[in-house]
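So you can see what is in the structure, the chains are spelled out below.
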Amino acid sequence: MSSENKKLDTRPLCLSGKGVTKVFGTGNKANVAVDHVDFEFHEGEFVSIVGESGSGKTTLSKMLLGLLNVTEGQIDFQGKPRDISSRSKKNEYWKGIQAIFQDPFSSFNVFHKIDAVLLDCIAMRGGRNLPKEEKIRLMTEACSFVNLKYAELTNKYPFELSGGQMQRLMIARIFLLKPKILLADEPTSMIDACSRATILDMLLQLRDEVGMTVIFITHDIGLAYYISDSVYIMEHGKFVERGTADDVILRPQAEYTKRLINDVPKIYEAWDLSTVG
Amino acid sequence: MSKIMLEVNELTTKYITRFHEDVYAVDHVSLKIEEGKSLGIAGESGCGKSTLALSLMGYYFAPLHYQSGDIIIDGKNISGMKPDDVRKNILGSEIAYIPQAAMNALNPTRKIYKFIEDVVLAHDSKADKKDIFEMARERFSRLGLPVETLDKHAVELSGGMKQRTVIAISTILQPKVLIADEPSSALDVTSQKMVIKMLRDMMDSGFIKSMIFITHELPLLYNVTDDIMVMYAGQIVETNNSHDMVFNPLHPYSKGLMGSIIVPEEGVRDQKLTAIPGTPPNLKNPPKGCRFAERCKYVMPQCRFNEMPMINLGDGHQYRCGHSHEHLKEMYADEQ
Amino acid sequence: MKNTLRQVFHSGKFVAGFSIFVFILLMMIIYPLINPGNPLERIGVGTFAKPGTYVSLYDSVSSDRETLRLADADENRIKSMMSMEDRVSMVAWFTAMDISVEGVDMNDTDALLTMWRENYDEKARPAGMTKAQRNFYVRLNNSITSANTAEVLSVTETNSATGEVVDKGKIDKTDYVNVGDVANVKTLPLGTDNFGRDVLKELVSACGTSIWIGFIAGIVATLIGLLLGLLAGYLGGIVDDIIMFVTNIFTVIPSFVLLILITYSLGQDQRGATTVAVVIGLTSWVWTTRSVRSQVISLRNRDHVNLSKLSGHSLMRIVMTDILPYIASYVVMAFILQVSSGILAEAQLSLLGLGPKTTEVPTLGLMMNWAMLYSAHLNGSWWAYFPVILTIAGISFSMNLMNTGLDQVFNPTLRD
C-alpha cells in the first residue's frame, strides 16, 4: 500500500491549499469555520475528508467549489493560483471541478425533466449545436455508465425516481461533464445501504476510468477507510491528522482520531463500551 | 424458558392515503421477545420498520389504522383497546417509545424533573412529589446521568445528553417493553455510544424488561441486540441471533444487506461490497409471490406467484424463502 | 401539474371558497344583462324606499278592472292600515279605561279589533285624557269602522286649459286590476338607497369595482413584494440590508395611517378607483417581501441552486428557473390574501370618506359610507347596508377559504 502511495505522491498536484481560512461574521460575532488548513490533492487520488457535524467540512467543500469566498489563504488549481474573480473565470473553473451533494432529492430542480439536466451538461461542454442523435447517444452512454436506461428516463421527472437512482443520475451528470476534480459531499449518507455499494463503485470507476481526482467528504470513518487512498481528519475547522488510509485508521496518532475510531461500532473486534465519556 | 414480555401475532396495519388507497406497511408480522432480551429490526427505508414500532404501541392515529392481529404485552392483549385506555394504562408503564427526534420533544420552558412528575402522576395521581423527586435522583445516578440535570432546562443540555435524559424520563415507570426507533442516528458517534451504553445498563439492571431497537445501521444493531429481524416491504424475511445474522445470513436479502456493512477495521478494504439492484415494490400494490423476487439473484419462476411461507429452523431462526436452507448455503458457498 | 390541480380541487375548503367566489363573479356578469342601465341612476326621489314590488298608481287607475269579492279584504285593509303606533294607542285607551289588557297580543289584529269594537265608546271619558287625545281616538275609530262600510273613491282630472275638474270615474272597494295589465311595475329586491338608487343594481356594480380594486392592489403589492423579496433573499449582503431596512420602516409605520395620509393628500379629484387601488397596493407589500425573502434564503442554499451555479447559469436564469417556480404556489396564496385585504382596505378608506370619487362608480365601501352618512342604520333601512356587509364578508371569506385550501395542498406540514 505504501509503495502505491509513494507513486501517488509523485503525481502532479491537482488542487492544493495553504492557510485556507473561512470566518463568518465580524467583530465579536466572528465565527471561524475553517482555520488555516493546508492540503494537497494529487491527480487521480481518492481523498476523504472526515469530520463530524460542525467540523467545517461542508464550509471547506463550498470554498473548494468556489461557492464561498476564502477569507484568507490561497488555493492552487493545477499548480497555478486559482482565479475566480469574474463570472467567465468562474465558469472556466467549474469546468474543472464539479460536485455531488448529500441529498439527491434537493439536488434536482423538480420542475425540470431529466433530459433537461443532461442536455444542460452537454451544452456546458460546448455541445449545444450537436445533432440530436449525437446528444441522445451521449446521454445514453452516460446513463449506461450508471446502470440506468436512458429510454426509461426520458420525459420523466426526477421525483419519479428513487433516491439511489437520483444519485446515480447525478453521477451520470459528472460523467458527461468529465471535470478534473469531483467533490462528493456525503453522497451516500441519505441512501440505503444496499444502493450505497453501487454509488461507491461508480465513484471508484470515475477515478480509474476517467482519471478524476475524487474528494470524498463524509462523517463515516469506516466508509472513508474503505474507499480512499488518503484521509484527512477534521475537527473544529482544523485538520488534526492526514495520511494514507491505512496509516490514519489502523495506526491513528491524534487523540481525536483514536476516539472517533474507538466510538464507532465494530463487528470483528469487540466494541468496548466501558471507555465512554 | 423465561417469561414472554411481548408477543405479536399476525399484526397487520395500514396507512390510508389522501386518495383512500390502503397501504399495508406492516403485513402479518409475528414476533416474540422474552424477558431480558432485545430484538433489533433492520431494513431499508420504507420497509415498514418505523411503522411497526408505531403499531406495536397499540395507539393509532390517522393515517395509520389497525387492521388485524394481536399485541400481547406480558399476557395482556392490547390490540383491541380504546386509544384513550392505551394512552392512560399502557403507554409509559407497559410500553415506552423513543423516536429519533425525541430530544426535541422537551418543552424548553420546564425543568427536567417536571416531566418526570408528569409521567408518574399521570399513572398514579396520589404519588408524593418528594418521593418522585427522590426516585428520579436515584434513577439518574444509577444510569450515570448527573443529578443536577433534573433541575435544568432542556436548552442547557447537549443533544446527546437530551436524548439520554428523554430515555430516562420515558422509562421512569420501568416499562416492560422499550421501543427505540433510531434513537442515536441524529447524534455524533461519541454520544451514540453513550446512549447505547445507557440502554445496555438499563437492560442489565432491569429498568426495562425487554427492548426493540430499530436502526438502519447494522454494525450498531449487531452490538446492541440479542436477535436481529430483517424486514422487507412490510414483511419479516429473516430472524436470527445477532451473530449468525451478520456472519451467516440465509435469506438473499439479508445476505445483500449484511454484505454492505462497512466498519473501520483491518481487512475491510479488501472485501467486496454487495449491492442489491432495483427498488422495493410499491406497497399499494405488492407483488403476489415473493416480494423480493424482482431483485433476487436466486429467483426461481415459482417465486413470482407462490406466496412465500415462513420456514422455522428452530432456535429462533426463521426465514421466508422458496429455497431450502441447505440449498441456499450451497449456493453461497459456491460463490466464494 | 395535473396531479396538483386534482389535489387542489380535492380540498373541500378550496372548493367551497372557489364556489362562493365564482357565484359572486357570475352574479356580476349575469345581473347587468338582465337589468341593464347605469347603476348610479337616481330612480327614486325620496330616500330609502323599502324592498318590494312597486306598481304605478297612475297606470292602475286606467287599467281594466275586475270585481272580486274577497271575504277577508276588509280585514286585510284594516290590518295594513293599523300601524304599530295605532295599536299602542288602542292598548293605552284600554288601560286608561281600566280594562284589563292582560293576554292581549298587539300583533294579533283580530283579537285587538274584537276587543276594540266591544269596548270602545265615543262618549266615554277616560281619566286624564285631553279633548285632542279623545278626538284622535274618534278618528282612529272612524278609520277602522269605515273600512267595513262601502265607500267609493272618485278619480278626477283637472283640465290644464280650462282648470275645469272632470270626473273620470269611481273606484270601488271591490275593484281589482291585474298587475300584468299595469304598464309600469318595478321590482326593487333591495329597495333604494338615500339617493333613490336601486340598491341591488348598485351592489352588483360595486362588487365588480371592489374586486377590481382588490385585484389591482394585489398585483401591485405582490409584484413589489416579490421583486424586493427575491433581490433581498437571493443577493443577500448589502442589498439585503438596504431592502430590509426599508421594509422594517414600512413595517413599523401602520400601513393604514400611511394609506390615509396618501389618499388624503391626493385630493378628491385625483382619486379614481384605480388610483386608490394602486395606493393600497403601494402600502401593503411589506409582508410579501418578508416572507418571499425568507423562502428565497432557504432555497438559495439548496443543492439544486448550487448545482445550477456550478453549471454556469446566469443569475437571472437561476432566479427564474430554480427559485421562482418553487415559491410560485406561495406567491399565488399571498396574492389571494392581498386581494382580499385590498378589498377590505378600500372599504375602510371609503367609510372614512377617503375612497374613490363618489360621482363615478359605486364601491362596496362607498355604499357603506353613504348608508352611514344618511343614518340608514338608525332609521331601520337595513337594506342599504346589510347586503353590502354580507357581500364584503362573502368575498373575503371565499378568498380566505381558497387560501387555506391551497395551503393544505402546498404546505406539507398541514397535510392530514
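Residues numbered from 1 in each chain as written. Chains lettered and ligands numbered in written order. Predicted model: local features only at pLDDT ≥ 70, side-chain atom pairs only at ≥ 80, totals over all residues.

1. Remarks on the overall build of chain A
Okay, step 1: A count of helical and extended segments in chain A gives twelve helices and ten strands.
Okay, step 2: Taken against the 2.2 N^0.38 rule, which gives 19 Å for 277 residues, the C-alpha radius of gyration of chain A at 20 Å falls within 12% of a compact globule.
Okay, step 3: Each principal axis of the C-alpha distribution contributes one length, and for chain A these read about 60 × 45 × 40 Å.
Okay, step 4: Looking at chain A as a whole, 45% of its 277 residues are labelled buried.
Okay, step 5: In chain A, the proportion of contacts linking residues at least 24 apart, taken out of those at least 6 apart, comes to 68%. (Helix = DSSP H or I, 4+ residues; strand = E, 2+ residues; numbered from the N terminus. Rg over C-alpha atoms; globule rule 2.2 N^0.38 Å. Buried ≥ 20, exposed ≤ 12 C-beta atoms within 10 Å, placed from the backbone. Contact = placed C-beta atoms within 7 Å.)

2. Focus on the overall build of chain B
Okay, step 1: A tally of regular secondary structure across chain B gives ten helices and twelve strands.
Okay, step 2: Taking 20 Å as the expected radius of gyration for a compact globule of 336 residues, we find that chain B reaches 21 Å, a close match to that expectation.
Okay, step 3: Here the C-alpha coordinates of chain B stretch approximately 65 × 50 × 45 Å along the principal axes.
Okay, step 4: Burial status across chain B gives 45% buried among its 336 residues.

3. Describing the packing of helix H5 (residues 114-124) of chain A against helix H6 (residues 132-145) of chain A
Residues and elements named next belong to chain A.
Okay, step 1: Look at H5 against H6: their axes get within 10 Å of each other, and the N-to-C directions meet at 110°. Put simply, H5 runs roughly perpendicular to H6. The element H5 and its partner H6 pack so that their crossing is right-handed. Touching Leu118, Leu119 and Ile122 of H5 are Lys135, Leu138, Met139 and Ala142, all from H6. (Axes fitted to C-alpha atoms, helices over the stretch in contact; angles between N-to-C directions. Parallel < 35°, antiparallel > 145°, perpendicular 65-115°, else oblique. Left-handed = near helix turned anticlockwise from the far one by under 90°.)

4. Focus on the pairing of strand E1 (residues 4-16) of chain B
Residue and element names in this part refer to chain B.
Okay, step 1: Where E1 lies against strand E2 (residues 22-34), nine bridges are found, and the strand directions are antiparallel. Counterpart to glutamate 7 in the pairing with E2 is lysine 32.
Okay, step 2: The loop that links E1 with its antiparallel partner E2 comprises five residues; one of these, histidine 20, has a positive phi angle of about 60°.
Okay, step 3: Here eight bridges tie E1 to strand E4 (residues 64-73), and the two strands are oriented antiparallel to one another. In the sheet register, leucine 6 faces E4, and the bridge partner there is isoleucine 73. (Pairing = 2+ DSSP bridges.)

5. Quick notes on the pairing of strand E7 (residues 181-185) of chain A
Regular strands place their side chains on alternate faces of the sheet.
Residues and elements named next belong to chain A.
Okay, step 1: For E7, the buried fraction is high: five of the five residues fall into the buried class.
Okay, step 2: With burial as the criterion, each face of E7 is covered, one bearing Ile181, Leu183 and Asp185 and the other bearing Leu182 and Ala184.
Okay, step 3: Here strand E6 (residues 97-100) pairs with E7 via four bridges, running parallel. When the bridges of E7 are listed, alanine 99 appears paired with leucine 183.
Okay, step 4: In this structure, E7 lies alongside strand E8 (residues 213-218), joined through five bridges in parallel fashion. Each bridged residue has a counterpart across the sheet, and for alanine 184 the counterpart in E8 is phenylalanine 216.
Okay, step 5: The β-α-β motif built from E7, the intervening helix H9 (residues 193-210) and the parallel element E8 has right-handed crossover chirality. (Right-handed = clockwise from strand over helix to strand, strands pointing away.)

6. Things to note about the sheet that holds E8(A)
One key point about sheets: their strands pair by backbone hydrogen bonds, in either a parallel or an antiparallel sense.
Residue and element names in this part refer to chain A.
Okay, step 1: Reading across the sheet, the six strands line up as E6-E7-E8-E3-E9-E10 and stay open at both edges, with mixed pairing between neighbours. Only two strands of the sheet have a single partner each, and these edge strands are E6 and strand E10 (238-244). The mean inter-strand angle of the sheet, taken between neighbouring strand axes irrespective of direction, is 20°.
Okay, step 2: Summarising the sheet, strand E9 (residues 230-235) and E10 pair through six bridges and their orientation is antiparallel. Bridge pairing in E10 places methionine 234 opposite phenylalanine 239.
Okay, step 3: Each of strand E3 (46-50), E7 and E8 touches H9; the most contacted strand, E8, lies at about 155° to it.

7. Some points on the interface of chain A and chain B
Okay, step 1: The interface is formed by 32 residues belonging to chain A together with 32 residues belonging to chain B.
Okay, step 2: For the side of chain A that touches chain B, the secondary structure elements donating two or more residues are H9, helix H10 (221-227), helix H11 (245-250) and helix H12 (255-263) of chain A.
Okay, step 3: No other element matches the seven residues that H9(A) contributes to the side of chain A that touches chain B.
Okay, step 4: In terms of residue class, the side of chain A that touches chain B is made up of 19 nonpolar, six polar and seven charged. (Nonpolar A, V, L, I, M, F, W, Y, C, P; charged D, E, K, R; others polar.)

8. Brief notes about H6(A)
Residues and elements named next belong to chain A.
Okay, step 1: Here H6 is 14 residues long and its end C-alpha atoms lie 20 Å apart, about the 20 Å a rise of 1.5 Å per residue gives.
Okay, step 2: Taken as a whole, H6 has its buried residues at Leu138, Met139, Ala142 and Cys143. Down the axis of H6, the sector holding all buried residues measures 130°, keeping them to one side. Across from the buried face of H6, at angles greater than 90 degrees, the exposed residues are Glu133 and Glu134.
Okay, step 3: On its buried side, H6 packs onto H5, helix H7 (150-153) and helix H8 (163-177).
Okay, step 4: Once H6 finishes, asparagine 147 follows within two positions and takes phi at roughly 60°, a positive value. (Expected span 1.5 Å × (residues − 1). Arc of directions from axis to C-beta.)

9. Looking at the confidence of the model for chain A
Okay, step 1: Counting all residues, the mean pLDDT for chain A is 90, and 96% of those residues have values of 70 or more.
Okay, step 2: Ranking the helices and strands of chain A by mean pLDDT puts E8(A) first, with 96, and helix H1 (residues 2-10) of chain A last, with 56. (pLDDT = per-residue confidence, 0-100.)

10. Description of the sheet that holds E1(B)
All names here are of chain B.
Okay, step 1: An order of E2-E1-E4-E5 is seen for the four strands of this open sheet, with the pairing classed as antiparallel. A single partner strand is all that each edge strand has here, and the edge strands are E2 and strand E5 (76-77).
Okay, step 2: Inspection of the sheet shows E4 paired to E5 by two bridges, in the antiparallel sense. Directly across from isoleucine 72, in E5, lies its bridge partner asparagine 77.

11. Observations regarding the confidence of the model for chain B
Okay, step 1: Per-residue confidence for chain B gives a mean pLDDT of 90; residues scoring 70 or more make up 100%.
Okay, step 2: As a predicted assembly, this complex carries a pTM of 0.80 together with an ipTM value of 0.89.

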